[in-house]
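Summary of the model geometry
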Amino acid sequence: MQDADEGAAFEVWWEEHSELDRLVSEFALALNDGGAVEARKSLELLTETFENHFSLEELVYFPIIEALSAENAEKVRAVKLGHGWIRNQLERLAGWLEAGDLVAGREGFETLLDRFRQHEAEEERIVHELTGSKAKDGGQRKGSSPAA
Ligand SMILES: [Fe+2]
Ligand SMILES: [Fe+2]
C-alpha cells in the first residue's frame, strides 16, 4: 500500500469504532432499562460486531503495523492482549445474562467499558502516530460516550 492509501485506510479503520460505540450505547440502555432477554439480544449483536472488528484488525490492519518496526509490533502485541480480555468478558456477560443475573451483568459491563475505553485509547495513539493527525473530533467519534 502506498503511504497516502495507508493513511486513508487507517482513517477508515478508526471510523469503524463509531459503530462499536453506538452498539455499546445500545447495550447499556438495554441492560439498564430493559430486561434480560432484550439485553441478551443486544449483547449478541455487540459481540458479533466486536468479533468482526477484532478479526479485521488482527488479519488486515495489525500485520501492516507490525511490519513497520519492532516498536510497532510491541504495541500491537499489547492491544491484541486487550482483544483476548474483551472476548472473555463478553463471554462472561453472556453467561450472567443467560442466568438472568442483571446485577452481575451490569457490574461486568462497567468493567468491560473501562477496558474497552482503555483499548480504544491505545489504538487511537497508534493511529495518531501512523497518520500524523489526531483522530477526527479529537477522538470523540459519532455516537461515542455511551451512558454507563
Ligand atoms: Fe479497534
Ligand atoms: Fe482492537
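Model, not experiment: these values are computed from the prediction.

**Side note on the packing of helix α2 (residues 36-68) against helix α3 (residues 70-98)**
With their axes 10 Å apart at the nearest point, α2 and α3 run at an angle of 165 degrees to one another. It follows from the interaxial angle that α2 and α3 lie roughly antiparallel. In this structure, the crossing between α2 and α3 has a hand that is left-handed. On α3, the residues touching A36, A39, R40, L43, T47, F50, F54, E58, F62, I65, E66 and L68 of α2 are N72, A73, V76, K80, H83, I86, L90, L93, A94, L97 and E98. Here the contact of α2 with α3 is built from residues that sort into 15 nonpolar, three polar and five charged.

**A look at the nonpolar core**
For soluble globular proteins, the rule of thumb is that nonpolar side chains tend to be buried together. V24, F27, L31, L43 and L93 are the most contacted members of the largest nonpolar core, which has 17 residues in total. Counting only elements with at least two residues in this core, the list comes to α1 (3-33), α2, α3 and α4 (102-131). Ranked by residue count, the leading element in this core is α1, at seven residues. Counting residues in hydrophobic clusters, the runner-up holds ten residues, among them F62, I65, I126 and V127.

**Considering α4**
Look at α4: 41 Å from first C-alpha to last across 30 residues, which is about the 44 Å you get at 1.5 Å a residue. Inspection of α4 places G105, G108, F109, L112, F116, E120, I126, V127 and L130 among the buried residues, and these make up the whole buried set.

**Re the packing of α3 against α4**
The contact between α3 and α4 brings their axes to 10 Å, and the two run at 160 degrees. Taken together, the axis directions place α3 and α4 in an arrangement best described as roughly antiparallel. Crossing of α3 against α4: the hand is left-handed. Facing K75, A78, V79, G82, W85, I86, Q89, R92, L93, W96 and L97 of α3, the residues of α4 in contact are A104, G105, G108, F109, T111, L112, R115, F116, H119, E122, E123 and I126. Residues of the contact of α3 with α4, tallied by class, amount to twelve nonpolar, six polar and five charged.

Conventions and cut-offs
Residues numbered from 1 in each chain as written. Chains lettered and ligands numbered in written order. Predicted model: local features only at pLDDT ≥ 70, side-chain atom pairs only at ≥ 80, totals over all residues. Axes fitted to C-alpha atoms, helices over the stretch in contact; angles between N-to-C directions. Helix = DSSP H or I, 4+ residues; strand = E, 2+ residues; numbered from the N terminus. Parallel < 35°, antiparallel > 145°, perpendicular 65-115°, else oblique. Left-handed = near helix turned anticlockwise from the far one by under 90°. Contact = placed C-beta atoms within 7 Å. Nonpolar A, V, L, I, M, F, W, Y, C, P; charged D, E, K, R; others polar. Core = buried A, V, L, I, M, F, W, Y, C linked by C-beta atoms within 7 Å. Buried ≥ 20, exposed ≤ 12 C-beta atoms within 10 Å, placed from the backbone. Expected span 1.5 Å × (residues − 1).

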